[in-house]
Each structure stands twice: as C-alpha cells, then as structure tokens.
Amino acid sequence: DQQVKQNSPSLSVQEGRISILNCDYTNSMFDYFLWYKKYPAEGPTFLISISSIKDKNEDGRFTVFLNKSAKHLSLHIVPSQPGDSAVYFCAASEANQAGTALIFGKGTTLSVSS
Amino acid sequence: KAGVTQTPRYLIKTRGQQVTLSCSPISGHRSVSWYQQTPGQGLQFLFEYFSETQRNKGNFPGRFSGRQFSNSRSEMNVSTLELGDSALYLCASSSLTGALNEQFFGPGTRLTVL
C-alpha cells in the first residue's frame, strides 16, 4: 500500500504562471517531508523540505505547504520557468525511526512551456 | 566537494546472474542509502548503511543485499537476477543518520536484465 501518493502523473503550465504539485500521505508517523526534482539521466536533487511542526516553508520561488490534519502537502513554484520542467518527487520520513528511509511518491512530471 | 558517484552507470545482465553495484558517498558522509526506481513503482527504499551497519531495510527479497566499508563506500548485490529487477538503482548519502537530513543522490546505475 502506497504511503505517499502523488495522484497527478503530469502537469503542464505556462511560463510565468504558478505550478502547484500535490502530495498526500497516509502514515501519521511521518513528520518530515521533502521535495526532490529529477532530470533525465540524473539522480534526484533536493529542492525544499518541511518539518511537521511548520505549515509553510519558503525558499525563493519554491514554497511548500503542509496540512497535517488532511495529510496533504503541496509545492508551489512561482513564477514557473522552462528550466523547472522535470519530474518532482514528494518524500516523507519518520524522525524517530532508526536510520534514514525516505518513502517516495511516484512523481509528477512538470512541463513548463514558454 | 565531489558528489556521490556510482559505478557502473549502465549494466546488462541475463536472468539468473548476479550483479554488484558500487557507490562512493560525498566525502565525510557516513550514511549511504540505496533506492530502486522503476516506471511503475517510483523510487523504493532498499536499505541504509551507517558506519558499516545496516540501519534500515525496505521490503525487498533477500536476493538484494548490501554492505558498507570502513571508508563509507557501499556496494549492493542482487543475486539470481529476474527480469523485474531491471531498474535504475540510486545511491544517496547524508552526513548524519536520521530523518532531518538532506540526502544527496548519485546519477544511478541503469540495470537491464535480459
């Protein structure tokens, strides 16, 4: 059973507009969430993270929102740029768990057109 | 600082064979995790090593194994290869073990099983 779900396999946005990528999770023990970006033939690159004690974290054009009661998080990219076109993975982890195991969603492919 | 390196980058094997993949973490990083990426399942956690000890293990059969050396380099081994083992195998390193740590990924090893 998937613990982290990204229900939209793809998203198309025009340059300059907002991109919103969504992620849902089922495990209430998750308390740290991350977004990774992946280009073809490269490994995932860390983008932004959020701890469960926060509901928002912002880094430049990227903002992650966390709604714990709904077990939902979203990544906002404003403004979107063609170079943002990539696969975006949502990941979650349990802080009290021994070691580090990131549970990933299946990814959302973002296409930003100019 | 050099990034995470993985060798080989591409590998073709036949069913029944075994394979060993190698990962060199970022200098100073002691935690190494392995993930399998397939089109249908996304990124799935295999195992994590810290100071030569397996700290965490995902839900994979015993044919998948790994180890870590004193210099933090890690290897993973897959025995009795099956067609379904064809995937991108990603290694990630982090400076500490625990959830609140960004993991840095290598470019991956693309394994094709014929």
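Look a little higher up for the structure.
Residues numbered from 1 in each chain as written. Chains lettered and ligands numbered in written order. Predicted model: local features only at pLDDT ≥ 70, side-chain atom pairs only at ≥ 80, totals over all residues. Heavy atoms only, no water.

A. Here's a closer look at the overall build of chain A. For chain A, the helix and strand inventory stands at zero helices and 11 strands. When the helices and strands of chain A are read in sequence order from the N terminus, they spell out β-β-β-β-β-β-β-β-β-β-β. Its C-alpha atoms give chain A a radius of gyration of 14 Å, within 12% of the compact-globule value 13 Å for 114 residues. Principal-axis analysis of the C-alpha atoms gives chain A an extent of 45 × 30 × 20 Å. Relative to its full complement of 114 residues, chain A shows a buried share of 46%. Within chain A, contacts between residues separated by at least 24 positions form 55% of all contacts whose residues are at least 6 apart in sequence. Carbon and sulfur atoms make up 47% of the accessible area of chain A, which amounts to about 5400 Å² in all. The centroid of the 10 positive side-chain charges in chain A is displaced by 3 Å from the centroid of its 10 negative side-chain charges. (Helix = DSSP H or I, 4+ residues; strand = E, 2+ residues; numbered from the N terminus. Rg over C-alpha atoms; globule rule 2.2 N^0.38 Å. Buried < 20%, exposed > 50% of the residue type's maximum accessible area, 1.4 Å probe, protein only. Contact = heavy atoms within 4.5 Å. Areas by Shrake-Rupley, 256 points an atom, 1.4 Å probe, with all protein chains shown as cover. Lys, Arg positive; Asp, Glu negative; His and termini not counted. Charge placed at Lys NZ, Arg CZ, Asp CG, Glu CD.)

B. View of the sheet that holds strand S8 (residues 72-77) of chain A. A sheet is described by the order of its strands in space; here five strands give the open sequence S1-S3-S8-S7-S6 (chain A), paired in antiparallel fashion. The open sheet terminates on both sides in strands that have one partner only, identified here as strand S1 (4-5) and strand S6 (56-59) of chain A. (Pairing = 2+ DSSP bridges.)

C. The state of the cysteines, seen in detail. All names here are of chain B. Tallying each qualifying case throughout the model produces two disulfides over all chains. One disulfide in the model links Cys23 with Cys91; its S-S distance is 1.7 Å. Around the S-S axis, the bridge from Cys23 to Cys91 shows a dihedral of about -55° and counts as left-handed. Of this pair, Cys23 sits in strand S3 (residues 19-24) while Cys91 sits in strand S9 (residues 87-94), and the two are 68 residues apart along the sequence. Comparing Cys23 with Cys91 shows no difference in burial state: the two are buried. (Disulfide = S-S within 2.5 Å.)

D. Representation of the pattern of salt bridges. Using the criterion set out here, one finds six salt bridges over all chains in the structure. Residues Arg61 of chain A and Asp84 of chain A are paired through a salt bridge, measuring 2.8 Å at the closest nitrogen-oxygen approach. One end of the pair, Arg61 of chain A, is in the loop between S6 and strand S7 (62-67); the other, Asp84 of chain A, is in the loop between S8 and strand S9 (86-93), with 23 residues separating them in the sequence. Classification of Arg61 of chain A as partly exposed rests on a relative accessible area of 22%. The class of Asp84 of chain A is buried, set by a relative accessible area of 2%. With a shortest N-O distance of 3.6 Å, Glu82 of chain B and Arg63 of chain B are connected by a salt bridge. Taken together, the residues Glu82 of chain B in the loop between strand S8 (74-78) and S9 and Arg63 of chain B in the loop between strand S6 (53-57) and strand S7 (64-68) connect sequence positions 19 residues apart. One continuous salt-bridge network, built from bridges that share partners, spans Arg63, Glu82 and Asp85 of chain B. (Salt bridge = Lys/Arg side-chain N within 4 Å of Asp/Glu carboxyl O.)

E. Region of the structure containing the nonpolar core. In this structure, Phe33, Trp35, Leu73, Leu75 and Tyr88 of chain A are the most contacted members of the largest nonpolar core, which totals 23 residues. Looking at this core, the elements with two or more residues in it are strand S3 (19-25), strand S4 (32-38), strand S5 (45-51), S7, S8, S9 and strand S11 (108-113) of chain A. Ranked by residue count, the leading element in this core is S9 of chain A, at four residues. Discounting chain neighbours no more than four positions away, the residues touching Phe33 of chain A are Tyr25, Ile48, Ser49, Ile50, Leu66, Leu73, Ala91 and Ala92 of chain A. Among the nonpolar cores identified, the runner-up in size contains 21 residues, and Phe47, Met76, Leu81 and Leu111 of chain B belong to it. (Core = buried A, V, L, I, M, F, W, Y, C linked by side-chain atoms within 4.5 Å.)

F. A nonpolar patch on the surface, seen in detail. Taken together, the side chains of Ile18, Ile20 and Val78 of chain A define a hydrophobic patch exposed on the protein surface, amounting to about 220 Å² of accessible area. Within the element layout of this structure, Val78 of chain A appears in the loop between S8 and S9. (Patch = residues over 30% accessible without salt bridge, like charges linked within 9 Å, V, L, I, M, F, W, Y side chains within 5 Å.)

G. Local environment of the pairing of S3 of chain A. Residues and elements named next belong to chain A. Residues Ser19, Leu21, Cys23 and Tyr25 of S3 are buried on one face, while the alternating residues Ile20, Asn22 and Asp24, pointing to the opposite face, are not. Here S3 pairs with S8 via six bridges, running antiparallel. Residue pairing across strands places Asn22 opposite Ser74, the latter belonging to S8.

H. Quick peek at the side chain of Ser52 of chain A. Position of Ser52 of chain A relative to the elements: it lies in the loop between S5 and S6. In contact with Ser52 of chain A, not counting residues within four places along its chain, are Asp31, Leu66 and Lys68 of chain A.

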